[in-house]
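Observations on the model geometry
For reference, the chains in residue letters:
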Amino acid sequence: MKINITENWKLVLKDEFEKTYFQEIISFLDHQKKLGKTIFPEESLIFNAFNQTSFEDIHVVILGQDPYHGSNQAHGLSFSVPDGIKIPPSLKNIFKELGSDIGKEIPKSGNLFHWAKQGILLLNASLTVEENKPMSHSKIGWNLFTDAVIKKISQEKTNVIFILWGKFAQEKEKLIDPEKHFILKAAHPSPLSAYNGFWGCRHFSKTNELLKSIKKEEIKF
C-alpha cells in the first residue's frame, strides 16, 4: 500500500509511519487486497482528511468512528460522502442541527470538502473498513495511529476546537489538553442517539463564537 499523504503531514507523522504497528496495518491491507476483499475508501483516498486539511491550518477536529462501508460512500473524511451520493442518516441529522442552529438551508450534497478546506480535520478513528462490515478494521492498529494524530495536535497546537459526538469520540478526550484547547461534547448524530442530546447542542454556532473569541475566521458551514 502506498502512503498517499502530503509532505507536511508526512513530516509531522514521520515517527508513526516507521513504527511496527503501522507496517502491520500496511501488511494487513495488502493481504486483504490479495484475497480479493473490497476495502473502503479506495487506496488513494485513505489519507484524504489529511490531504484536504494541512496540519498548520487545523482549527477544528470532528472525530468519527470508521468510514462508511457501502459502495461509493467513503472518501476519507468523517461523516462526508461524495457529490451525488445519498446523504447518510447521521449526516442528515448533522445538517438538520446546522439548520436549526444557524439557519442554514439543508445542503443537497453530503460532500464536506468545503469544511475541510476551512481548517476542519474530519478524522475517522479507523481509516479503512471492509465492504458491508462496519468496524471490521477497528482492531488492526488504526486507533494507535489516529490517537497519535490527536495527541500531536494537542501537543503542538493551541486553541483547536475538538468536537466529540457520542461515547466513542468522547473516550478520546483524555488525549487532549483542556488547558490549551476547547472541547465540545454531545450525543452522536445517529438516529439511534440524536434525541439523547445531539439535537440542540448548537456546536456550529459555538464553534464560530470560540473562533471569533480567539480572532480566527469563522467557518462558513
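Details of the structure are given in the entry above.
First, a word on what this report is: a plain description of the structure on this page. Nothing here was measured: the structure is a model prediction, and the numbers come from that model.

What counts as what
For every chain, the first residue of its written sequence is number 1, and the numbers climb from 1 along that sequence. Residues qualify for local features only when their pLDDT is at least 70, as the model is predicted, and side-chain atom pairs are given and counted only at 80 or more; totals for whole chains, interfaces and linings, by contrast, use all residues. Just so you know, side-chain values use all the structure's heavy atoms and leave hydrogens and water out. Helix and strand assignments come from DSSP, with helices taken as H or I runs of at least 4 residues and strands as E runs of at least 2, each series counted from the N terminus. In short, DSSP must find at least two bridges between two strands for them to pair. As a rule, the C-alpha atoms of each element are fitted with a line to give its axis, helices using only the stretch in contact, and angles between N-to-C directions run from 0 to 180 degrees. Angles below 35 degrees are treated as roughly parallel, those above 145 as roughly antiparallel, those between 65 and 115 as roughly perpendicular, and all remaining angles as oblique. Two residues qualify as a contact provided that any one of their heavy atoms is within 4.5 Å of a heavy atom in the partner residue. Geometry of aromatic contacts follows a simple scheme: Phe, Tyr and Trp rings, the Trp one being its six-membered ring, pair when their centres are within 6.5 Å, and the pair is stacked under 30 degrees between planes, edge-to-face over 60, tilted otherwise. Each residue's exposure class comes from its accessible area (1.4 Å probe, protein chains only) as a fraction of the maximum for that residue type: buried when under 20%, exposed when over 50%, partly exposed otherwise. Note on geometry: a ring has a charge over it if NZ (lysine) or CZ (arginine) is within 6 Å of the ring centre and within 35 degrees of the ring normal.

All right, on to unusual backbone geometry then. Note: most residues except glycine have negative phi, and most peptide bonds are trans. That bond from Phe40 to Pro41 is cis: its omega, -10 degrees, falls within 30 degrees of zero. Mapping Pro41 onto the fold places it in the loop between β1 (39-40) and α4 (48-52). Phi is positive for Asn72, close to 70 degrees, though the residue is something other than glycine. Counting through the fold element by element, Asn72 comes out in the loop between β2 (60-64) and α5 (89-102).

Right, let's get into the sheet that holds strand β5 (residues 161-165). Across a sheet, strands are paired by hydrogen bonds formed along the backbone, either parallel or antiparallel in direction. In space, the 4 strands of this open sheet follow the order β3-β2-β5-β6, with parallel pairing throughout. Each edge of the open sheet carries a strand with a single partner, namely β3 (120-124) and β6 (182-186). Strand-to-strand twist across the sheet, computed as the mean angle between neighbouring axes with direction ignored, equals 20 degrees. Relative to β6, β5 runs parallel, the two sharing 5 bridges. Of the residues in β6, the one forming a bridge with Ile163 is Leu184.

Here we come to the packing of α5 against helix α9 (residues 203-213). Running from amino to carboxyl end, α5 crosses α9 at an angle of 60 degrees, the nearest separation of the two axes being 8 Å. Accordingly, the angle class assigned to the pair α5 and α9 is oblique. Contacts from Ile94, Glu97, Leu98, Asp101 and Ile102 of α5 reach α9 at His203, Phe204 and Ser205.

One pair of aromatic rings is described through two measures. These are the centre distance and the angle between the planes. Evaluated as defined, the whole model comprises 22 aromatic pairs. Centre to centre, the rings of Trp9 and Phe50 are 4.8 Å apart; their planes meet at 80 degrees, and the pair counts as edge-to-face. Of this pair, Trp9 sits in helix α1 (residues 7-12) while Phe50 sits in helix α4, placing them 41 residues apart in sequence. The residues Trp9 and Phe50 share a single accessibility class, namely buried. Note on Phe204 and Phe221: the rings are 5.0 Å apart at their centroids and 80 degrees apart in plane angle, and the pair reads as edge-to-face. Residue Phe204 is found in helix α9, and its partner Phe221 is found in the segment after α9; the two are separated by 17 residues along the sequence. According to the relative accessible area criterion, Phe204 is buried, its value standing at 0%. Taken together through their ring pairs, the aromatic side chains of Trp9, Phe17, Tyr21, Phe22, Phe47, Phe50, Phe55, Trp142 and Phe145 make up a single cluster. The residue whose ring lies beneath Lys157 is Phe55, and the NZ or CZ to ring-centre distance is 5.4 Å.

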